[in-house]
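The chain contents come next:
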Amino acid sequence: MSKPVSPQGLSKFQDMRFGMFIHWGLYSILARGEWIMHWERIPVQDYEPLAQQFNPLRFNADEWVSIAADAGQKYIVITSRHHDGFSMYDTALSDYKVTNTPFQRDPIRELADACARRGDIQLGFYSSLLDWHHPAYRFRAESGLAWSDYIGFLHGQVRELCTQFGPLACLWFDGDWPRHAINETNQYFLAGGSFEYDALYTLIHTLQPDAVIHNNRHEEPLPGEDVQGFEQDLPGENSVGFNTTTIYDVPIEVCMTINDNWGIHNDDHNHKSTRHLIRTLVRSASLGGNYLLNVGPSAAGEILPVHVQRLRKIGAWLQPNGESIYGTRAGLIPPTKSTVSTRRGDTHYLHILDDISDDVALTGVPESVIQAHFLHDGSAVKLTRKADQTILNVPESARSAFDTVVVLS
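Here goes a summary of the coordinates provided. (Residues numbered from 1 in each chain as written. Predicted model: local features only at pLDDT ≥ 70, side-chain atom pairs only at ≥ 80, totals over all residues. Heavy atoms only, no water.)

Attention now moves to the pairing of strand β15 (residues 389-393). Alignment of strand β12 (residues 359-363) against β15, held across five bridges, turns out to be antiparallel. Each bridged residue has a counterpart across the sheet, and for Leu-362 the counterpart in β15 is Thr-390. Counting the residues that bridge the hairpin from strand β14 (residues 382-386) to β15 gives two residues, and of these Ala-387 lies at a positive phi of roughly 55 degrees. (Pairing = 2+ DSSP bridges. Helix = DSSP H or I, 4+ residues; strand = E, 2+ residues; numbered from the N terminus.)

Next up, the structure:
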């Protein structure tokens, strides 16, 4: 059994509720998604030269952190190393890294410093468990290396991340597919043994006692993982791929894209509406979950303008309504087709998401609730008890286009 996260670290992570995911790396140069090396079967010797093209001169760490702040996001999770094996920081454990490109700078160091300057946004790291480039992962027979050499590299990089960038919000792991054997079609997924999670998680919680651990590829959480993840899916809605309808007794994090891809894809213009994104944030919070919303910056180092626009509109909604999201827990009032709820202690926040009649009928409202008002302006909402129902009068003229929040207290 690994060492657990601190109670205050877990509570703080849940309180933040909304974060920014960033997928950025060599794959951004090709702009066909972060899995391009696998999808197009690009050999290592043909993929490696991309490093000599990486020079994102428009990257500005303070600007990225400001965009997250404008969106109301409280933490950032960035890919320190994705499946292609390229490290986006100045690791001492590999020469295949961002500081050996024409860019020469360490963007993750700059992001850590930008977060520290602001003080209100925490940094976290995505780290791939698999590595399509490392000789001890894919080429052991030719290299003479052992699986233990790869584990030393993986754990060593995690130690670097936990000791060089200040207090972290989380460590976010991805790529646990040891059940896949190597063959012509799935050679990129070869794993040689255990990732030694007990030792890895104990290392993290010893060095970063308040950082939560997320592992996105287990059918069920293992001891020591602090968060159950749902990718492109709200908890319990579907059973697709590695998602499950089972919700375990750990906090939840929902990670989703604004369009269809994680890394930038020039042909992907399927950008979700602000209304859709806000309602997904609300539905996630109503289930007790954080919402980690992804951006895939360009090779030049810019977050797409359409994504910046969406994020700032979410932030504009959160300005008057954030009380109903930050620091809340899963709602106690049973959801309906049109409503969900969040809560903070004995205060309940009803989120009206769809068009309804003026009278909203609810069941399961705690008997202690005796009054209601709109969150955005504090004006009273008529509340009537009738048999086993609670009726709220919410006229159309008072409703929001995105989410009408009524406070029950």
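Spatially, the five strands line up as an open sheet ordered β9-β10-β11-β16-β13, and their pairing is antiparallel. Bordering the open sheet on either side are β9 (329-330) and β13 (372-374), each of which pairs with just one other strand. Where β9 and strand β10 (residues 339-344) come together, two bridges link them in antiparallel fashion. Of the residues in β10, the one forming a bridge with Arg-329 is Arg-343. Each of β9, β10 and β11 (347-352) is contacted by helix α11 (residues 274-286), which is oriented at about 55 degrees to β10, the strand it contacts most. (Contact = heavy atoms within 4.5 Å. Axes fitted to C-alpha atoms, helices over the stretch in contact; angles between N-to-C directions.)

The buried count for strand β16 (residues 404-408) comes to five of five residues, which makes it a mostly enclosed element. Burial along β16 is two-sided: Thr-404, Val-406 and Leu-408 facing one way and Val-405 and Val-407 facing the other are all buried. The pairing of β13 with β16 spans three bridges and is classified as antiparallel. By the bridge assignment, Ala-372 is partnered in β16 with Leu-408. (Buried < 20%, exposed > 50% of the residue type's maximum accessible area, 1.4 Å probe, protein only.)

The end-to-end C-alpha separation of helix α12 (residues 305-321) is 24 Å, in line with the 24 Å expected for 17 residues at 1.5 Å each. Turning to α12, its buried residues number three or more, namely His-307, Val-308, Arg-310, Leu-311, Ile-314, Gly-315, Trp-317, Leu-318 and Asn-321. Tucked inside the fold, the buried residues of α12 contact β1 (18-22), α5 (61-71), α11, β8 (289-295) and β16. (Expected span 1.5 Å × (residues − 1).)

A separate point is the packing of aromatic side chains. Centre distance and the angle of the planes are the two values used to describe a pair of aromatic rings. With the rule as written, the count across this model stands at 26 aromatic pairs. Linked through ring pairs, Tyr-137, Trp-147, Tyr-150, Phe-153, Phe-173, Phe-195, Tyr-197 and Tyr-201 together constitute an aromatic cluster. For Lys-74, the ring lying beneath its charged end belongs to Tyr-326, and the centroid distance is 4.7 Å. (Phe/Tyr/Trp six-rings, centres within 6.5 Å; stacked < 30°, edge-to-face > 60°. Lys NZ or Arg CZ within 6 Å of the ring centre and 35° of its normal.)

Within the largest apolar cluster, 91 residues are counted, with the highest numbers of intra-cluster contacts made by Met-20, Tyr-47, Ile-76, Phe-125, Phe-173 and Ile-204. No other element matches the eight residues that helix α9 (residues 147-164) contributes to this core. In this structure Ile-204 touches Val-158, Cys-162, Leu-171, Phe-173, Pro-209 and Ile-213, once residues within four positions along its chain are discounted. (Core = buried A, V, L, I, M, F, W, Y, C linked by side-chain atoms within 4.5 Å.)

Right, let's talk about the sheet that holds strand β2 (residues 75-81) for a bit. Sheet architecture is open: eight strands sit in the order β5-β4-β3-β2-β1-β8-β7-β6, paired in parallel fashion. For this open sheet the edge positions go to β5 (212-215) and β6 (228-231), each flanked by a neighbour on one side alone. Each neighbouring strand pair of the sheet contributes to a mean axis angle of 25 degrees, computed without reference to strand direction. Across five bridges, strand β3 (residues 122-128) lies against strand β4 (residues 168-174) in parallel orientation. Paired with Phe-125 across the bridge in β4 is Leu-171. Across the sheet, α5 is in contact with β1 and β2; its angle to β1 comes to roughly 145 degrees.

Before going further, it helps to examine the pattern of salt bridges. As enumerated under the stated definition, the model contains twelve salt bridges in all. With its nearest N and O atoms 2.8 Å apart, the salt bridge here joins Glu-40 to Arg-32. Classification of Arg-32 by relative accessible area gives partly exposed; the value is 33%. The shortest N-O distance in the salt bridge between Asp-131 and Arg-81 comes to 3.2 Å. Note that Asp-131 is positioned in the loop between β3 and α7 (135-138) and Arg-81 in strand β2, a separation of 50 residues in sequence. Considered together, Asp-131 and Arg-81 belong to a single accessibility category, that of buried residues. (Salt bridge = Lys/Arg side-chain N within 4 Å of Asp/Glu carboxyl O.)

Quick look at the packing of α5 against α12 now. Two elements in contact, α5 and α12, have axes separated by 6 Å at closest approach and are oriented at 40 degrees. Considered as vectors, α5 and α12 are oriented oblique to each other. Contacts between α5 and α12 involve Ile-67, Asp-70 and Ala-71 on the former and, on the latter, Val-308, Leu-311, Arg-312, Ile-314, Gly-315 and Leu-318. Residue composition of the contact of α5 with α12, by class: six nonpolar, one polar and two charged. (Parallel < 35°, antiparallel > 145°, perpendicular 65-115°, else oblique. Nonpolar A, V, L, I, M, F, W, Y, C, P; charged D, E, K, R; others polar.)

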